[in-house]
Amino acid sequence: MRITLVTGANGEIGHSLLETLAASGDRKIIALDLAPLADDLRPMVSVALQGDVSDPAMVDEIEKHDVQEIYHLAALLSTSSERNPALAHQVNVNGTMGLLLMARRIGARTGRAVTFLFPSTIAVYGMPSLEKKNAAGAVTEFEYLQPTTMYGINKVYCEQLGGYMSDRFGQLTDEAGKKVLDFRALRFPGLISATTVPTGGTSDYAPEMIHAAAQGKAYACFVRPDARIPFMAMPDGVKALLDLAAAPAENLTQRVYNIGAFSPSAEEIASKVMEAFPGAEITYAPHPKRQAIIDSWCADVNDEAARRDWGWKPDYDMERAFDEYLIPTISGVYAV
Ligand code: AKB
């Protein structure tokens, strides 16, 4: 049975990923989070560890389990990282480095390459101006990599670090001559879950708007109506992680892949929300710093490489995300 580590297990992606992994029933799951594992997740895992991913003692504890696959989801998101850049660096960079070193040690000791799935983000982009952002349209993995936030800088560095640790540092190989660490990264757009609300991100205005409307609460959106970045329904985010993890190594032509689904403006999201919840009260109160972050992220991503190399295709466009996933599920979440 495969041994899988999920860090940041209580987080938004962690929650949905654990549900999917547990349903497949084909692996032993080790979960790590700073907080005690949520009660609903506890039955899904074999081991629930509580602690800081950047603490070497915690890494020693994890290492005892000889994990074969790592979904390293623990991170401080963009707005939280701007509020505490030193902590962001500690968690986002040092935490990742500690796990990469651990994965290499496990790979060398067990003679089996450890697969390391890293959620990167559209925050790695730094569009030079709103005009250039609007003109650029869907950007590839290799353009505009001048992030303006601590989180974006942490993530673009860790993308490079993962490649370096897999391909160049020490050149460890298993008995079959395969590298002992197999690092793969996805650049996630803003994710929207019907069952959880994110904290500390800057794409949070979309899920906050939908969840507020479902609860009959007024919402003041912290970006302008014309603000546009890519978004994705959570089931597609989880599917992308699992599909990239399962892709044969020989098909992968790069270590970092964009994935896209739909790219609405805040106003377009608001009008979908109003359709579903006609009484919804949505106003705009742009927050200068958060607006500047959104303006610096790309309006859309080019995900041709993911489509070509491992068959990426989202199940949910915006219509389907709202009509078949978000609205039906969310209404159940808040029904009393
Ligand atoms: C954030 O807003 O920080 C995240 C992201 C887009 O990576 N949701």
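The structure under discussion appears in the preceding block.
So, here is what we can say about the structure in this document.

About the thresholds
- The residue numbering used here restarts from 1 in each chain and proceeds along that chain's sequence as written.
- This being a predicted model, a pLDDT of at least 70 is required before a residue's local features are given, and a value of 80 or more before pairs of side-chain atoms are given or counted; all residues contribute to the totals for chains, interfaces and linings.
- With hydrogens and water excluded, all non-hydrogen atoms of the structure serve as input to the side-chain values.
- Nearness of a residue to a molecule or strand requires only that one of the residue's heavy atoms be within 4 Å of it.
- Whenever two N or O atoms come within 3.5 Å, that pair is a polar contact, provided that in protein one can donate a hydrogen and the other can accept it, and provided that, for residues adjacent in sequence, both atoms are side-chain atoms.
- Cavity means a closed set of points on a 1 Å grid over the protein atoms alone, one where a 1.4 Å probe fits but cannot get out, pocket means an open set with protein on both sides within 12 Å along at least 5 of 7 lines, and lining means a residue has an atom within 4 Å of a point.
- Cavity and pocket membership follows a simple rule, namely that a molecule belongs there if more than half of its atoms are within 2 Å of the grid points.
- Side-chain classes follow a simple rule in which Ala, Val, Leu, Ile, Met, Phe, Trp, Tyr, Cys and Pro form the nonpolar group, Asp, Glu, Lys and Arg form the charged group, and the remainder, Gly included, forms the polar group.
- Annotation comment: domain bounds sourced from an automatic or database domain assignment.
- Note on terminology: a nonpolar core comprises buried Ala, Val, Leu, Ile, Met, Phe, Trp, Tyr and Cys residues joined through side-chain atoms within 4.5 Å.
- Exposure is judged per residue with a 1.4 Å probe applied to protein chains only, and the accessible area is read against the type maximum: over 50% gives exposed, under 20% gives buried, and values in between give partly exposed.
- By definition, residues are in contact when any of their heavy atoms lie within 4.5 Å.
- The salt bridge criterion pairs a side-chain nitrogen of Lys or Arg with a carboxyl oxygen of Asp or Glu, the two atoms within 4 Å.
- Going along the chain from the N terminus, every DSSP run of H or I of four or more residues is numbered as a helix, and every run of E of two or more is numbered as a strand.

**Concerning the site of the ligand**
If you check the shell around the ligand, you find Leu77, Ser78, Thr121, Tyr151, Gly201, Thr202, Ser203 and Trp297 and nothing else. Within the side chain of Thr121, an N or O atom sits 2.7 Å from an oxygen atom of the ligand. Between the ligand and Thr202 there is a distance of 2.6 Å, counted from an oxygen atom to a backbone nitrogen or oxygen. With respect to the pocket detection grid, the ligand is positioned in the largest pocket. Here the shell around the ligand is composed, by residue class, of three nonpolar, five polar and no charged. Both of domain 1 (2-189 + 234-258) and domain 2 (191-231 + 261-299 + 316-334) provide at least three residues apiece to the shell around the ligand.

**Re the nonpolar core**
Grouped together as the largest cluster of nonpolar side chains are 78 residues, with contacts concentrated most on Tyr205, Val273 and Trp310. When residues of this core are sorted by domain, at least three fall in each of domain 1 (2-189 + 234-258) and domain 2 (191-231 + 261-299 + 316-334). What Val273 contacts, discounting residues up to four positions off in sequence, is Met209, Ile210, Ala213, Ala280, Ile282 and Phe322. Counting 32 residues, the second largest nonpolar core, distinct from the first, contains Val59, Met102, Phe118 and Met165.

**Section: the pattern of salt bridges**
Per the stated rule, a full pass over the model turns up 23 salt bridges. In this structure, Asp295 and Arg224 form a salt bridge, with 3.1 Å as the shortest nitrogen-oxygen distance. Remark: Arg224 occurs in the loop between strand E9 (219-221) and strand E10 (231-233) and Asp295 occurs in helix H10 (residues 288-296); sequence separation between them is 71 residues. We classify Asp295 as buried; its relative accessible area is 16%. A salt bridge links Arg228 to Glu268, with the shortest nitrogen-to-oxygen separation between them at 3.1 Å. Separated by 40 residues along the polypeptide, Arg228 in the loop between E9 and E10 and Glu268 in helix H9 (residues 266-276) bring together distant segments of the chain. When salt bridges with common partners are traced through the structure, they connect Asp167, Lys179, Asp182, Arg184 and Arg255 into a single cluster.

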